[in-house]
Amino acid sequence: MRFEAFPTDPGLPRLKIARDPVLMREVFRRHLRPLAGKTYHIQECLLSRVNYHRAVRCTLQYTLRLVEPGTGRERSQWVTGSIYAQDKAEQIWQHLREADPGPDIPEAFQTFAPVSYIPDLKMLVQVFPYDRRLPISPLLLAGPSSELEPLLLSRFGLGDWHIEAWNIEPIGYRPGAAFVLRHAVQARDGATGREAEKRFYMKVYRDEKEEYQALQAFCGRADVAGEAFAVGQPLAHLSRLHAFFVEEAPGISLQQILLQGDDPVAAVGKVARALAAFHQGDVPTGRSHSYEHEISDLKQVRALLESICPQLSADVRGIISAVAMGLAEVPPAPTHRDLKAEHIFLDGDRVSFIALDSFAGADPVLDPAEVLARLAAMPSLSLLPRSRARMAAQTFAKEYFAHVPKSWRSRLPFHYAGANLHLAASIFRSQVPGWRDKVTAVVGEARDSLAGKVWWGKSFFPVMSNTITLKQPISLSMKGVQQ
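Since the model is a prediction, treat every value here as computed from it, not as a measurement.

Parameters at a glance
Residues numbered from 1 in each chain as written. Predicted model: local features only at pLDDT ≥ 70, side-chain atom pairs only at ≥ 80, totals over all residues. Heavy atoms only, no water. Helix = DSSP H or I, 4+ residues; strand = E, 2+ residues; numbered from the N terminus. Buried < 20%, exposed > 50% of the residue type's maximum accessible area, 1.4 Å probe, protein only. Contact = heavy atoms within 4.5 Å. Areas by Shrake-Rupley, 256 points an atom, 1.4 Å probe, with all protein chains shown as cover. Lys, Arg positive; Asp, Glu negative; His and termini not counted. Charge placed at Lys NZ, Arg CZ, Asp CG, Glu CD. Pairing = 2+ DSSP bridges. Expected span 1.5 Å × (residues − 1). Axes fitted to C-alpha atoms, helices over the stretch in contact; angles between N-to-C directions. Parallel < 35°, antiparallel > 145°, perpendicular 65-115°, else oblique. Left-handed = near helix turned anticlockwise from the far one by under 90°. Nonpolar A, V, L, I, M, F, W, Y, C, P; charged D, E, K, R; others polar. 1 Å grid on protein atoms, 1.4 Å probe; cavity = no way out; pocket = protein on both sides within 12 Å on 5 of 7 lines; lining within 4 Å. Points joined across faces, edges and corners; volume = space filled by probe spheres on them. Patch = residues over 30% accessible without salt bridge, like charges linked within 9 Å, V, L, I, M, F, W, Y side chains within 5 Å. Salt bridge = Lys/Arg side-chain N within 4 Å of Asp/Glu carboxyl O. Phe/Tyr/Trp six-rings, centres within 6.5 Å; stacked < 30°, edge-to-face > 60°.

Student: Teacher, can you tell me more about the overall build of the protein chain here?
Tutor: Secondary structure assignment for the protein chain yields 13 helices and 16 strands. Within the span of the protein chain, comprising 483 residues, buried residues form 53% of the whole. When contacts within the protein chain are restricted to residue pairs at least 6 apart in sequence, those whose partners lie at least 24 apart make up 70%. For the protein chain, the accessible area works out to roughly 22,000 Å², and carbon and sulfur atoms hold 49% of it. Counting 57 positive and 52 negative side-chain charges, the protein chain places the averaged centre of each group 7 Å from the other.

What follows is the structure, given as structure tokens:
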């Protein structure tokens with residue numbers, strides 16, 4: 001992995017050490033205090049996520065690989081470090097140290113002291129599952145409750161099913177925002193002796209009610225009318241704990257299909273038709289994401305991109321200005337708003353959409369724009385060959401826009417440009433190796449979209465030359481993005 005340095009930030013000078021995972025491994029070795037008399041060797045430290053606001057604060061998520069001396073047992077541990085301008089981190093630490101969250105954390109999740117402070121870095125450190133902004137109840141980490149067991153067992157079908165064992169594994173975490181636990185439940189039918197395993201996901205975040213209600217609405221509509229798509233089956237809402245259970249979607253993800261050797265055309269066509277049906281359904285949306293919200297989000301992205309790649313400032317501002325002028329408020333429709341290939345599952349002819357935590361009433365063209373932006377970037381972010389990415393994108397665009405109102409087409413180049421700016425920010429936040437070159441290339445893809453250079457759909461999108469004028473062309477060095 002090629003290491004990419006942050007830009008110099010005089011307001012947060014200690015980022016020079018904090019953003020270096022090799023240096024932080026040594027810092028954590030000296031600083032983190034094990035719990036319950038245990039001993040861990042920090043074998044590796046990876047920087048897995050960054051939330052950066054220049055001269056204000058930076059939150060860095062590290063993934064530590066721990067080894068227990070003697071047994072050799074390995075485990076992963078998320079650790080979050082927060083650095084603020086001035087002395088805010090120490091002030092927060094002084095407030096938090098009065099409480100002792102350690103005893104509330106189940107033993108299986110105990111590694112190091114849940115919260116601490118590193119004076120030399122002025123860094124507040126939190127060890128998962130402790131999170132001061134997203135309180136996680138110990139009840140959620142202890143396995144299915146007696147009230148939940150019958151509900152989970154009902155998903156195994158007819159029979160006298162009993163839980164034999166379960167395995168709880170954290171699979172996703174965004175500090176202060178959300179986390180996901182996977183429950184692998186092993187059960188046995190007492191009448192036949194048959195054994196089976198099913199997997200369920202528990203999602204926790206502060207605004208979980210909107211997603212749970214959306215899942216219920218989609219599932220209810222599908223039960224009545226039969227739909228061209230499905231969503232994760234919601235099972236239980238633990239409103240007091242800001243959590244809910246959902247059953248694992250059947251099949252394999254579109255991401256896996258694209259990376260395999262089979263022809264992706266049939267699968268991508270199914271996804272496009274299912275997404276068109278998703279957008280034209282009459283499911284109520286409790287949240288809205290208006291034109292003003294989208295432009296506001298793009299301006300926040302602009303602030304980040306300008307701070308990490310100041311040479312792109314004029315280009316990014318020009319792109320956002322063109323997007324703002326080219327779009328307007330449209331009637332909202334059910335919109336996913338986080339439609340990655342790993343959030344789409346196929347099981348035969350059935351297409352399922354998962355992870356609806358950003359679901360809202362919005363301009364539905366946001367979704368195909370994101371799908372296409374991520375397909376264009378996949379060859380540089382994964383092992384997907386360029387030819388397969390091109391084939392998948394062209395198939396998706398042609399099939400999707402054949403099943404939605406023709407007027408939607410004119411908005412895609414603008415939303416595609418915006419989606420690429422969002423993707424550029426995501427590439428940095430996820431600390432993708434070589435992120436600087438990839439960010440530059442993705443911004444160039446946004447510019448080309450506004451100039452009519454959409455390589456995946458020239459046959460049915462109008463050329464939009466002279467939409468923006470750049471002082472000099474962006475140098476694209478990311479393989480897989482077509483100029």
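Student: What's the story with the pairing of strand S14 (residues 344-347) in this structure? I'm lost.
Tutor: In summary, the side chains of a regular strand alternate between the two faces of the sheet. Sheet topology places strand S12 (residues 252-253) next to S14; two bridges connect them, and they run antiparallel. Bridging across to S14, Ile252 finds its partner in Leu346. Of the strand pairs in this sheet, S14 and strand S15 (residues 350-353) are connected by four bridges, and their pairing is antiparallel. Across the sheet, the residue bridging to Ile344 is Phe353, located in S15. From the end of S14 to the start of S15, which pair antiparallel, there are two residues, and Gly348 there has a positive phi angle of about 65°.

Student: Just to check I follow, could you spell out the environment of Pro10 for this structure?
Tutor: Looking at where Pro10 falls in the secondary structure, it is placed in the segment before helix H1 (15-18). The class of Pro10 is exposed, set by a relative accessible area of 66%. In this structure the C-alpha to C-alpha distance between Pro10 and Ser253, which are 243 residues apart in sequence, comes to 43 Å.

Student: Explain helix H11 (residues 386-401) to me, please; I cannot follow it from the model alone.
Tutor: Given 3.6 residues to a turn, an α-helix orients residues that are three or four positions apart in the same direction. Given a rise of 1.5 Å per residue, 16 residues ought to cover 22 Å, and the 23 Å separating the end C-alpha atoms of H11 matches this to within 8%. Taken residue by residue, H11 has Arg388, Ala389, Ala392, Ala393, Thr395, Phe396, Ala397, Tyr400 and Phe401 as its buried positions.

Student: Whenever I open this one, the pairing of strand S2 (residues 57-67) confuses me. Can you help?
Tutor: Among the eleven residues that make up S2, nine are buried, leaving the element largely enclosed by the rest of the structure. Inspection of the sheet shows strand S1 (residues 41-53) paired to S2 by eleven bridges, in the antiparallel sense. Along S2, the bridge assignment pairs Cys45 with Leu64. With antiparallel pairing between neighbouring strands as the criterion, S1 and S2 make up a hairpin whose turn holds three residues, including Ala55 at a positive phi of roughly 65°. Two successive antiparallel strands, S2 and strand S3 (residues 74-84), enclose a turn made up of six residues, where Gly70 displays a positive phi of approximately 95°.

Student: What is the right way to read the sheet that holds S3 from this model?
Tutor: Pairing between sheet strands relies on hydrogen bonds along the backbone, with the strands arranged either parallel or antiparallel. One open sheet accounts for five strands, arranged S1-S2-S3-S5-S4; its pairing is antiparallel. Each edge of the sheet is formed by a strand with only one pairing partner; in this case those strands are S1 and strand S4 (115-118). In this sheet, neighbouring strand axes are inclined to one another by 25° on average, regardless of whether the strands run parallel or antiparallel. Bridge analysis of S2 against S3 gives eleven bridges, and the strand direction is antiparallel. The residue of S3 that forms the bridge with Leu66 is Arg75. With respect to the sheet, helix H3 (residues 88-96) is in contact with S3, S4 and strand S5 (123-127), its orientation differing from that of S4 by roughly 145°.

Student: Quick question: what am I supposed to make of the packing of helix H8 (residues 291-308) against helix H12 (residues 412-429) here?
Tutor: Two measures define how a pair of helices packs: the angle their axes make with one another and the distance between the axes. Interaxial distance between H8 and H12 falls to 10 Å at its minimum, and their mutual angle equals 45°. The orientation of H8 with respect to H12, classified from their angle, is oblique. Remark: the crossing between H8 and H12 carries left-handed chirality. On the side of H8, the interface is formed by Glu294, Asp297, Leu298, Val301, Leu304, Leu305 and Ile308, while H12 contributes Gly418, Leu421, His422, Ala424, Ala425, Phe428 and Arg429. When its residues are assigned to classes, the contact of H8 with H12 shows nine nonpolar, two polar and three charged.

Student: I tried to follow the layout of surface pockets on my own but got confused; where do I start?
Tutor: Empty space among the atoms becomes apparent when a probe as large as a water molecule is rolled across them. Empty space within the second largest pocket amounts to approximately 410 Å³. Residue lining of the second largest pocket: 15 residues in total, with Arg75, Ser76, Phe109, Ile168 and Pro170 positioned closest to the centre. Of all the secondary structure elements, the ones that give two or more residues to the lining of the second largest pocket are S3 and strand S6 (161-174). A breakdown of the residues in the lining of the second largest pocket according to their chemical character gives six nonpolar, four polar and five charged.

Student: Can you walk me through a positive patch on the surface in this structure?
Tutor: A grouping of Arg57, Lys88, Arg133 and Arg206 is seen on the molecular surface, where their side chains present a positively charged patch. Tracing the chain through its elements places Lys88 in helix H3.

Student: Looking at this structure, how should I read the environment of Met391?
Tutor: With respect to the element layout, Met391 can be found in helix H11. Taking the C-alpha atoms as reference points, Met391 and Leu375, 16 residues apart in sequence, are found 9.8 Å from one another. Met391 has contacts with Asp263, Pro264 and Val265, leaving out every residue within four places of it along the chain.

Student: What is the right way to read the packing of aromatic side chains from this model?
Tutor: Two measures describe an aromatic ring pair: the distance that separates the ring centres and the angle between the ring planes. Under the counting rule described, the total for this entry stands at 19 aromatic pairs. Between the aromatic rings of Phe218 and Phe359, the centroid separation amounts to 5.5 Å while the plane-to-plane angle is 75°, which identifies the pairing as edge-to-face. Separated by 141 residues along the polypeptide, Phe218 in helix H5 (residues 208-225) and Phe359 in the loop between S15 and strand S16 (360-362) bring together distant segments of the chain. Taken as a pair, Phe218 and Phe359 share a single burial class, namely buried. Ring pairing ties together the aromatic residues Phe218, Phe229, Phe278, Phe353 and Phe359, which thus form one cluster.

Student: Even after reading the chapter, I still don't get the sheet that holds strand S8 (residues 195-205), so can you show me in this structure?
Tutor: The strand order across the open sheet formed by five strands is S6-S7-S8-S11-S10, and the pairing between neighbours is antiparallel. The open sheet is flanked by S6 and strand S10 (234-238), the only strands paired with a single partner. Shown here is a sheet whose adjacent strand axes are inclined to one another by a mean of 20°, direction ignored. By the bridge criterion, four bridges tie S10 to strand S11 (residues 243-247) in an arrangement that is antiparallel. When the sheet's bridge partners are listed, Leu238 is paired in S11 with Ala243.

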